[in-house]
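Examining the three-dimensional arrangement
Letter by letter, the chains look like this.
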Amino acid sequence: MGPCARLRICKSERNKHAGSCHYSLEPLMPDTSHALSLPLIQPSQAQKHVTHNEALRILDAVVQLVVIAADQSGPPTAPQSGDRYIVAPSGVGAWLGHDGDIAVYADAAWSFITPLPGWTAQVLAPQSAVLFDAVLGWQIVSTTLENTPELGINATADPTNRLSVSAPATLLNHEGAGHQLKINKATASDTSSLLYQTNFSGRAEMGLAGNDDFAVKVSDDGTTWRTALNVDAPTARVIAPEGLESIRITATHSATTVLNPPSPAGFAMLSSVSSNFPQANASMILCYDVGASPQLIVIWNGGAVTNLGATAPTDTNVPDGLIGIAAQNNGTLLLRNEYPNSLALDYCITWINGWR
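Throughout what follows, the structure given in this document is the object of discussion.

Cut-off values and rules
Residues numbered from 1 in each chain as written. Predicted model: local features only at pLDDT ≥ 70, side-chain atom pairs only at ≥ 80, totals over all residues. Heavy atoms only, no water. Helix = DSSP H or I, 4+ residues; strand = E, 2+ residues; numbered from the N terminus. Contact = heavy atoms within 4.5 Å. Areas by Shrake-Rupley, 256 points an atom, 1.4 Å probe, with all protein chains shown as cover. Lys, Arg positive; Asp, Glu negative; His and termini not counted. Charge placed at Lys NZ, Arg CZ, Asp CG, Glu CD. Phe/Tyr/Trp six-rings, centres within 6.5 Å; stacked < 30°, edge-to-face > 60°. Buried < 20%, exposed > 50% of the residue type's maximum accessible area, 1.4 Å probe, protein only. Core = buried A, V, L, I, M, F, W, Y, C linked by side-chain atoms within 4.5 Å. Pairing = 2+ DSSP bridges.

1. Some thoughts on the overall build of the protein chain
A tally of regular secondary structure across the protein chain gives 2 helices and 25 strands. C-alpha atoms of the protein chain, sized along the principal axes, occupy 145 × 55 × 45 Å. Residue pairs in contact within the protein chain that sit at least 24 positions apart in sequence constitute 33% of those at least 6 positions apart. Accessible surface, the protein chain as shown: approximately 22300 Å² in total, 55% of it carbon and sulfur. If the 18 positive side-chain charges of the protein chain are averaged to one point and the 29 negative ones to another, these points end up 15 Å apart.

This is the structure in structure tokens:
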């Protein structure tokens, strides 16, 4: 019959006079419940209230589990009846050997309940929520998104991409006025940028990459990167290392202005943008070489420009009413303004197809 069944013998009413008997096997009842190990009342048990009350005590301790603390290794000096604690590692005193158990104080004594994986508890001091893991023990879990170490929205976050979102679009909306998206870095040598990828391989990046100059970079393979635009932080000068650069200058009247092309040779468009002077007259398109053998070709001008070649402009070789331009062998162009009425000229200069 085995240890898990008892033999029950009873006589059949019909056959009791004939002396026949009816035999049946009745399963044995376990002593405790399967999940919480609550004591069960056995058949024909005496003092059933003792077992019943013990089960209620366990339920009272673990249902809506709230403990005073989970970081103490020893019992408090003056516990109150009903106090509950989670025993921290290296339990001492009355808590010795009960690391991770739930310690319950009742009837002037400590009793202990061993948690099962998945149990949760609220901790009063410091306020937190904890989850029991069979391997790791009690672990703090966040009940809000505040200070959440990782968050995945329809995606899996990781230690690098701690916020991961998989969605057709992401909306960052205002709250009645403006809205800013802030990307902060620790030091100037760090990077804060937006990286655009194709199948997780970089194709374009814009931001502060390794310094405080704003840059736009592109790549066709995710490995080799070229800087298309760079904005110099101190001067706001826009540089296109691969062939385009625009700057704004003011040519003071009766003075020579030094221009610094981004490369020894190339093309330049000088557009007069002065509000008090017609743009076409003072504008020009140049082909220049400011290397060892300087050369200058004025491809087009608005009529108020004179080409001095490699001769530095002065107040004597630039006629009154004109703008003189010259190439030098030190990597510069010289612009002299002798336009009448003592007018200062504002120029927007675009360097094109320059090489470094």
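2. With respect to the packing of aromatic side chains
Here a ring pair, both rings aromatic, is described through the centre-centre distance and the interplanar angle of the planes. The tally for this structure, following the rule as stated, stands at 6 aromatic pairs. Between Tyr-85 and Trp-110, the aromatic rings sit 6.1 Å apart at their centres with planes inclined by 70°, giving edge-to-face as the arrangement. Linking Tyr-85 in strand E4 (residues 84-86) with Trp-110 in strand E6 (residues 109-113), this pair joins segments that are 25 residues apart in sequence. Residues Tyr-288 and Trp-351 carry aromatic rings whose centres are separated by 5.6 Å and whose planes lie at 80° to one another, so their mutual orientation is edge-to-face. Here Trp-351 lies in strand E25 (residues 345-352) and Tyr-288 lies in strand E20 (residues 284-289), a separation of 63 residues in the sequence. Classification of Trp-351 by relative accessible area gives buried; the value is 1%. Chaining the aromatic ring pairs together yields one cluster made of Tyr-85, Trp-95, Tyr-105 and Trp-110.

3. Some thoughts on the nonpolar core
Leu-259, Met-284, Ile-323, Leu-333, Leu-335 and Tyr-347 are the most contacted members of the largest nonpolar core, which has 25 residues in total. Those elements giving two or more residues to this core turn out to be strand E17 (244-251), strand E19 (265-272), E20, strand E23 (323-327), strand E24 (333-337) and E25. A total of 4 residues in this core trace back to one element, the largest contributor, which is E25. Ignoring any residue separated from it by four or fewer positions in sequence, one finds Ile-323 in contact with Ala-282, Met-284, Ala-304, Val-305, Thr-306, Val-318, Leu-335, Arg-336, Asn-337, Tyr-339, Leu-345 and Tyr-347. Counting 17 residues, the second-largest nonpolar core is a separate cluster that includes Leu-65, Ile-102, Trp-119 and Phe-132.

4. Considering the side chain of Thr-257
The residue Thr-257 is located in strand E18 (residues 256-259) in this model. Contact partners of Thr-257, with chain neighbours within four places excluded, come to Ile-249, Thr-250, Ala-251, Thr-252, Leu-333, Leu-334 and Leu-335.

5. Some thoughts on the sheet that holds strand E8 (residues 128-133)
The 4 strands are arranged E3-E7-E8-E9 in an open sheet whose pairing can be described as mixed. Each edge of the sheet is formed by a strand with only one pairing partner; in this case those strands are strand E3 (66-67) and strand E9 (137-141). The sheet contact formed by strand E7 (residues 120-123) and E8 spans 4 bridges and is antiparallel. The partner of Gln-122 across the bridge, within E8, is Ala-129.

6. So, the pairing of E23
Among the 5 residues of E23, 5 are classified as buried, and the element is accordingly described as predominantly covered. Residues of E23 alternate between two faces, with Ile-323, Ile-325 and Ala-327 on one and Gly-324 and Ala-326 on the opposite face, all of them buried. Bridge count between strand E22 (residues 305-307) and E23: 3 bridges; the pairing is parallel. Bridge pairing in E23 places Val-305 opposite Ile-323. When E23 meets E24, the two strands line up antiparallel, connected through 5 bridges. Looking across to E24, one finds that Ile-323 is bridged to Asn-337. Taking the residues that link successive antiparallel strands as the turn, the E23-E24 hairpin has 5 residues, and the phi of Gly-331 there is positive, at about 85°.

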